[in-house]
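If you want the building blocks of each chain, they are given just below.
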Amino acid sequence: MSAEIIDGKTFAERLRRRVGEAVPAFASATGRKPGLAVVLVGEDPASQVYVRSKGKATVEAGMESVEHRLPAATTQDALIALVRQLGEDESVDGILVQLPLPPSIDEKAVIAAIDPAKDVDGFTVANAGRLAVGDEGLVPCTPLGCLMLLKDQLGDLTGLHAVVVGRSNIVGKPMAQLLLKENCTVTIAHSRTRGLPALVAQADVVVAAVGRPQMIRGDWLKPGSTVIDIGINRIQIGGGNSKLVGDVDFDTACEVAGAITPVPGGVGPMTIAVLLRNTLVAAHARAGLAAPEGL
Ligand code: GUN
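Every chain's residues receive numbers from 1 upward, in the order its sequence appears when written. Where totals are concerned, whole chains, interfaces and linings use all residues; where local detail is concerned, this predicted model gives features only for residues with pLDDT of at least 70, and gives and counts side-chain atom pairs only at 80 or more. To get the side-chain values, take all heavy atoms of the structure and skip hydrogens and water.

A. Representation of the nonpolar core. Residues L15, L179, V207, I228, I230 and M270 are the most contacted members of the largest nonpolar core, which totals 51 residues. The way it works is that DSSP assigns letters per residue, a run of H or I at least four long becomes a helix, a run of E at least two long becomes a strand, and they are numbered from the N terminus. Mapped onto this core, the elements with two or more residues apiece are α1 (8-30), β2 (35-41), α2 (45-60), α6 (141-154), β5 (161-165), α7 (172-181), β7 (205-208) and α10 (268-286). The element contributing the most residues to this core is α10, with eight residues. Once residues within four sequence positions are removed from consideration, L15 is found in contact with M148, M270, A273, V274, R277 and L295. Throughout this description, the term nonpolar core refers to a set of buried Ala, Val, Leu, Ile, Met, Phe, Trp, Tyr and Cys residues connected via side-chain atoms within 4.5 Å. To sort residues, take the accessible area from a 1.4 Å probe on protein chains only and compare it with the maximum for the residue type: under 20% means buried, over 50% means exposed, and anything in between is partly exposed. Residue contacts follow a heavy-atom distance rule, with two residues in contact if any of their heavy atoms lie within 4.5 Å.

B. The arrangement of the site of the ligand in detail. Any residue with a heavy atom positioned within 4 Å of a molecule or strand is treated as near that molecule or strand. By nearness alone, every residue bordering the ligand is listed as L96, V97, Q98, L99, D121 and F123. The separation between a nitrogen atom of the ligand and a polar main-chain atom of V97 is 2.8 Å. The term polar contact refers here to a pair of N or O atoms within 3.5 Å; inside protein, the definition further demands a hydrogen-donor-capable atom paired with an acceptor-capable atom, and it admits residues adjacent in sequence only when both atoms are side-chain atoms. At 2.6 Å, a side-chain N or O of D121 approaches a nitrogen atom of the ligand. Only the protein chains shown count as cover for residues, with accessible areas throughout obtained via the Shrake-Rupley method and a probe of 1.4 Å. Relative to its unbound accessible area of 280 Å², the ligand is 79% covered by the protein chains. Following the grouping adopted for this structure description, the nonpolar residues are Ala, Val, Leu, Ile, Met, Phe, Trp, Tyr, Cys and Pro, the charged ones are Asp, Glu, Lys and Arg, and the polar ones are all others, Gly among them. Along the lines of polarity and charge, the residues of the shell around the ligand split into four nonpolar, one polar and one charged.

C. Local environment of the sheet that holds strand β1 (residues 4-5). DSSP calls a pair of strands paired once it identifies at least 2 bridges connecting them. Pairing in this open sheet of six strands is parallel, and the strands run β1-β11-β8-β7-β5-β6 from one edge to the other. Across the chains shown, the open sheet's two edge strands, defined by having one partner strand only, are β1 and β6 (185-189). As defined by bridge partners, β5 adjoins β6 across five bridges and the pair is classed as parallel. Across the sheet, the residue bridging to V165 is A189, located in β6. Contacting β1, β7, β8 (226-229) and β11 (259-260), α6 crosses the sheet at an angle of about 160° to β8. Axis angles are defined between N-to-C directions and span 0 to 180 degrees, where every axis is a line fitted to C-alpha atoms and, for a helix, only to the segment in contact. On the sheet, α7 packs against β5, β6 and β7 and is oriented at approximately 170° with respect to β5.

D. A look at the pairing of β8. In β8, alternate side chains face the same way, and those of T226 and I228 on one face and V227 and D229 on the other are all buried. In this structure, β7 lies alongside β8, joined through four bridges in parallel fashion. Looking at β8, one finds that A208 is bridged to D229.

Dropping the structure here:
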C-alpha cells in the first residue's frame, strides 16, 4: 500500500488566492486595506525567514504589512508598549509577535498585551478560552490549517479517534480542542506518554507535533489511517548535507497510512495561508462586517 499524499502546498495556494479575492470588497466597504503588524525581536535566523515570508505573503494578498524589527536587547516594557500601541492603531487588524522571544522577555506577559480582537495567532488567554468552551474566536494558524486539510481529506470527522502527539499551547492543545469540536474522540499524548506505539495504533487520525525527527514509524500506524505531520526538523544525512524531515518516518508511514502530509510541502505552507485568513476575518469583525463566505 502507498499512502495518498496530502498536498498542503496547493491547498494553501488556493486559500491564499481566496483571501486575496476577498480583499477588494473589504477595501471598498471600509476605505482601507486589512493590515497585519509583525513584530520580530532579535536575530534568530529561522524567525527572520518566517517574518520575511509572512510580510511578502501579506502584500501578495493585497493587504497592508507593517514590520517592526527590534534589537535583541529590547526590554520587555518597550515591547509591551509597542504591542499596546499597535492595539490602539486603527489601521492594524492583526498583531503577530514572532516567537521565540529572547530569554530575558516573559512571552506570556507580551502575549497578554495583545488585543484579543487582533490576536491573529490565537495565542491570548481570551482566544484560547473561547476555543476551549466552543465559542467563536481567533484560532492558532497551524492547527486550524491541519483541521482544514483533514476535513478536505476525510469530510465529516465525527467519531474518529484522533491521537495528537504534542501538548504545546501553540499546536497540540488547540489541535485537540478543534478535533473535539468536530466530534472526534481525542487522545493527547506527548514525549512522556507510556506505550505510545500502542496508542498510535488505535488512531484513525494521527497529528504529530512532538518535535522529534522521524519518531513515529510506519509499524506503529493503523492501516489506512490519516497522518498529519507538523514536525519540521533538520537532520544531517552525511557528506555535510542536511534535509528537512517531520516527526513521522515518512517512508515507512507511506507503506501503512491511507493518507499523509509530506515534509516539506504539507502542513508548513498552511500556517501562512491561515494567518492571512485570520487577518481578513479579524479585519471584518473589527469593521462590523460579516466574515467572508467559505474561509
Ligand atoms: N514561532 C513559530 N511558529 C509561530 C507562530 O505560528 N506564530 C508566532 N507568533 N511565532 C511562531
